[in-house]
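Observations on the three-dimensional arrangement
This is what each chain is made of:
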Amino acid sequence: MKYVCIDDGAVRELISGRELQSVDFEDGRRLIERLQGRTQVFKGTGSFLVNLDKDGMYLTTPGKWKDKKYLVVDCESSNLFSSVRDAETLTSLQKLLRFCSKFWSGSNAYTPAEKMIAGTSKTILFPLPFSSGTGFRVAIEREPMKERLERRDLSGNFLLVYKTGFDGANSFTEEASLQNFRKVIEALPSVYDALPRRIEFINEHEQNKTRNGVFDELKIAAPRNQLPRGNMLTLGDWLPRLTKQQRQFVQAPVEQALRLVGAAGTGKTTTLILRTMFILLKAESDKQQMRALFVTPSEATRKSILESLQVINPNGFWERDPKSSAVSLTVTTLASICADKLNQTIQETEFVDRDAQDSKVMQGLYIEQAIAEARANDFKSHAPHLSDKFRSFFDETENTDLVDLFQHEISMQIKGRAGDPFDAYKECPPLKYGLPVETDADRGFVFSVFRKYQRQLVDVAQFDTDDVVLSATGQLDTPIWRRRRSLEGYDFIAIDEAHLFNINELHLFHYFTRDPSAAPISFAIDQAQAVGERGWEVSKELESNHGRQEEELNYGTVFRSSTQIIELSASILASGANLFSNFKDTLKGAQSGFTSDDERRTQPVRFIEAVDDDTMVELAFKRAAELGALTESSPSDILITCLAPDLLQSLKDYAAKRRKPITVLDRRGDYAKVRSAQRDGLMLLGHADYVGGLEFNIVIVVGVDKGRVPYEGSSTTKESRNFMRYIAHNRLYVACSRARFALELLGVKARGPSDILSGAFTKNLLELVE
Ligand SMILES: Nc1ncnc2c1ncn2[C@@H]1O[C@H](COP(=O)(O)OP(=O)(O)OP(=O)(O)O)[C@@H](O)[C@H]1O
């Protein structure tokens, strides 16, 4: 193909069709294949028509040709459709079309990626994310054949893409080749003259259902791009909107073990719910038995899953009694299912919910007390046997700075992985970025701290999730459960946010299947969202332990967030991956599923500097209100968050003093709070640890500055600094990736922006505002 000419009506449709934004969709992929000449026919959503002549293609909408504006791509001189990978080609085309639309509307609001070269009629477009690092550019002539077109009264109606490449050039001297462009100009009158007859002809054949792919056009259909937010769609509405990978996941056979990997906002939870529904409905229509289990990491997220289920398919599988119904669904947390299988009831007051702020604070206090006791009573006798590294580390680090590291070690290494006995803990390889334990003696000392902590839990008669899970593991591997399993086991198990579970817990799921030799289990995971090395350990475990049966599916299109927000989140992950060998950049190469309509509401991602903490806190609420108005959002669509607990307190105090209508998230994914905020018109406030699993139009992250992100505290040891840095990347990524349209980070000027953002500043992904 020598050229492609797209009129302004077709441009509008291409940028607003959701399924034309990503090659993960059938329509998006076929559009690119068609433009590359790899396929001869395509049908899809949209109401523009494709016309061909011997050298090129015209994407047209009805109307007089002289009243329209056109983008002409010279395929021969530019190679626009063949220079980069398919996904990047589609992104480049979409960015180009958005530029055309903006230019024709007379707007002057160009982004740094749209460079209007002064003193020339050229524009250089950098359509790919800076994070791609390719430097790919598209050269546009805004006034091709200027004089001639002026004479014909067609001035300003054409934009011409004449070149693409990876290197700069002199736009002053460069001349666009016009050979193909001339052919387009000459052909346009006859293309548009023939249009009404073609439309009539197509409609006639459409009615007679004789199309069979004979016509090379995009089928006339109502655009399907307007999605109601908040998962308010039924299963039937969802299916045609899914990407190829999403559909593959939803419709895979029930017995297929699947590991779904995708970054924040790619639709993991949504499609896991859809898969569960799909399986249940199919079993019901096939009159087969299907007892399904959907496991959520906490009670708070369980409620949100139930609410989505009610919308997606309101026929109440989850209300049926699994004992008497052939098809049923149980939505539960792992701790309650274990307690249930153990025939034990654990009262709310006895249970330490690790996703709740009060539990975490309480555990932290117990651990700090245990460390203080161990330092006073045991350290002296242990010290001669400890490795030099661990001894000096413990000696030099304040108790308060040790708490997080011990908490992480206990939850991952002692309880989360090895089981209770010390011997099993000794076998664990040390965490790469955690407590620097080297020898058995080091482990012995850590274990003594653990025992003290455990004793305090016993004293107050409380269990944490790990206690329940460990007891269950013992009882599930017994002849009694093996017999009960065929009656009480499940035919399908879905596990959402698998990165939040630990290794013990992951092992447990396999005991719950009805058939011990089958693994009809689907896990959804984004390892970068787990704090510390947990995500890495979990994904390693899932690969090695279940790898034989499991297939991995990857999602690459982010639907939640604007391109700018995705780019900033990606730069936070890239910076983590640069520093830590086991930190996974799960957003690498991600595309945005945003349409031009979504983009209308997007705001630039900014870092705003305030003079001090008080001003910053005040600014957070001010910006929340301003962004609310700009993005037409209600208060409950706004989240103010931070990574430092003391800042959270300042934000709460300010809100209380000024009577700001807010509600505070005090456990992870607390959907009940979000619901009440929606009802009462309140804004949400919460620590970054509690915002995972939620999404908001606007997110303001407060205190993203040096000393606070990562938190430096009083400690000077390399180990604790590394740990703090690692988890700061996880938390900042989770916080930023909650945002749809607007994301602003605030900091104090004297401290300067957090180092984690330096890559983002270098690549101009963040606008600095004072
Ligand atoms: N194919 C699609 N078309 C349009 N919107 C989609 C599609 N798939 C998912 N979404 C939307 O994207 C948003 C994010 O989806 P979801 O919460 O399931 O992502 P996730 O991967 O679980 O995110 P996180 O890891 O942050 O919890 C939701 O608003 C959902 O409705």
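Not measured: the values here are computed from a predicted model.

**As for the domain arrangement of the protein chain**
Assigned domains within the protein chain: domain 1 (3–205), domain 2 (235–349 + 467–555), domain 3 (362–462) and domain 4 (563–769). If you average the C-alpha positions of domain 2 and of domain 4, the two centres end up 30 Å apart. Each partner contributes residues to the interface: domain 2 has 18 residues there, and domain 4 has 21 residues. Buried area between domain 2 and domain 4, both sides added, is near 1,700 Å², and the carbon and sulfur share of it is 58%. Counting the surface domain 2 buries against domain 4, the share from its top three residues, Glu 307, Ala 528 and Val 531, is 26%. Counting across the domain 2 and domain 4 interface gives 2 salt bridges. With a shortest N-O distance of 2.4 Å, Arg 675 and Glu 307 are connected by a salt bridge. Taken together, the connections running from domain 2 to domain 4 amount to 8 residue pairs in polar contact (both at pLDDT 80 or more). It is helix H10 (residues 299–312) that contributes the most residues to the side of domain 2 that touches domain 4, 4 residues altogether. Of the residues that constitute the side of domain 2 that touches domain 4, the class distribution is 8 nonpolar, 6 polar and 4 charged.

**What to know about the pattern of salt bridges**
The final tally for this structure, using the stated rule, is 44 salt bridges. Across the pair Lys 163 and Glu 174 runs a salt bridge whose closest N-O atoms are separated by 2.6 Å. Taken together, the residues span a long stretch of sequence, with Lys 163 in strand E8 (residues 158–165) and Glu 174 in the loop between E8 and helix H6 (179–207) at a distance of 11 residues.

**Things to note about the UniProt feature "binding site: ATP" (unreviewed entry) in the protein chain**
UniProt feature "binding site: ATP" (unreviewed entry): in the numbering of this structure it lies at Gly 262, Ala 263, Ala 264, Gly 265, Thr 266, Gly 267, Lys 268 and Thr 269. On the secondary structure map, Gly 262 appears in strand E9 (residues 258–262). Gly 267 gets classed as buried once you look at its relative accessible area, which sits at 17%. Leave out the neighbours within four places in its chain, and Gly 267 touches Gln 246 and Tyr 555.

**Things to note about the sheet that holds strand E14 (residues 492–495)**
The parallel open sheet is built from 6 strands, whose spatial order is E11-E10-E14-E15-E9-E16. Among the strands making up the open sheet, the edge pair consists of strand E11 (327–333) and strand E16 (551–555). Strand-to-strand twist across the sheet, computed as the mean angle between neighbouring axes with direction ignored, equals 15°. Its contacts with the sheet put helix H8 (residues 244–251) on E9, strand E15 (521–525) and E16, and the angle it makes with E16 is roughly 145°. Packed onto the sheet, helix H11 (residues 334–341) meets strand E10 (290–296) and E11 and runs at close to 110° relative to E11.

**Examining the sheet that holds strand E3 (residues 56–60)**
Across the sheet, 8 strands lie side by side as E2-E3-E1-E4-E8-E7-E6-E5; this open sheet has mixed pairing. Looking at the sheet topology across the chains shown, the edges are occupied by strand E2 (49–52) and strand E5 (114–116). Across the sheet, the mean angle separating the axes of adjacent strands is 20° when strand polarity is ignored. Across 3 bridges, E5 lies against strand E6 (residues 122–125) in antiparallel orientation. Bridge pairing in E6 places Met 116 opposite Thr 123. Helix-sheet contacts for helix H1 (residues 8–16) involve strand E1 (3–7) and E3, and the interaxial angle to E1 is about 90°.

**Some details on the packing of aromatic side chains**
Inspection of the entire model under this criterion finds 28 aromatic pairs. Between Phe 390 and Phe 445, the ring centres sit 6.2 Å apart and the planes meet at 70°, which makes this aromatic pair edge-to-face. Remark: Phe 445 occurs in helix H17 (residues 440–459) and Phe 390 occurs in helix H14 (residues 388–396); sequence separation between them is 55 residues. Just as Phe 390 is buried, Phe 445 falls in that class too. Among the aromatic residues, those joined into a cluster by ring pairs are Phe 379, Phe 390, Phe 393, Phe 394, Phe 406 and Phe 445. Sitting above the plane of the Phe 249 ring, Arg 275 keeps its charged end 5.6 Å from the centroid. Taking NZ or CZ as reference, Arg 291 lies 5.5 Å from the ring centre of Tyr 490, over its face.

**A short note on the pairing of E2**
Relative to E3, E2 runs antiparallel, the two being bridged by 4 bridges. Bridging across to E3, Leu 49 finds its partner in Thr 60. The loop that links E2 with its antiparallel partner E3 comprises 3 residues.

Definitions and limits used
- Residues numbered from 1 in each chain as written.
- Predicted model: local features only at pLDDT ≥ 70, side-chain atom pairs only at ≥ 80, totals over all residues.
- Heavy atoms only, no water.
- Domains from an automatic or database assignment.
- Contact = heavy atoms within 4.5 Å.
- Buried area = accessible area lost by both parts, 1.4 Å probe.
- Salt bridge = Lys/Arg side-chain N within 4 Å of Asp/Glu carboxyl O.
- Polar contact = N/O pair within 3.5 Å; in protein donor to acceptor, adjacent residues only side chain to side chain.
- Helix = DSSP H or I, 4+ residues; strand = E, 2+ residues; numbered from the N terminus.
- Nonpolar A, V, L, I, M, F, W, Y, C, P; charged D, E, K, R; others polar.
- UniProt positions renumbered as here; feature names shortened; annotations may be inferred.
- Buried < 20%, exposed > 50% of the residue type's maximum accessible area, 1.4 Å probe, protein only.
- Pairing = 2+ DSSP bridges.
- Axes fitted to C-alpha atoms, helices over the stretch in contact; angles between N-to-C directions.
- Phe/Tyr/Trp six-rings, centres within 6.5 Å; stacked < 30°, edge-to-face > 60°.
- Lys NZ or Arg CZ within 6 Å of the ring centre and 35° of its normal.

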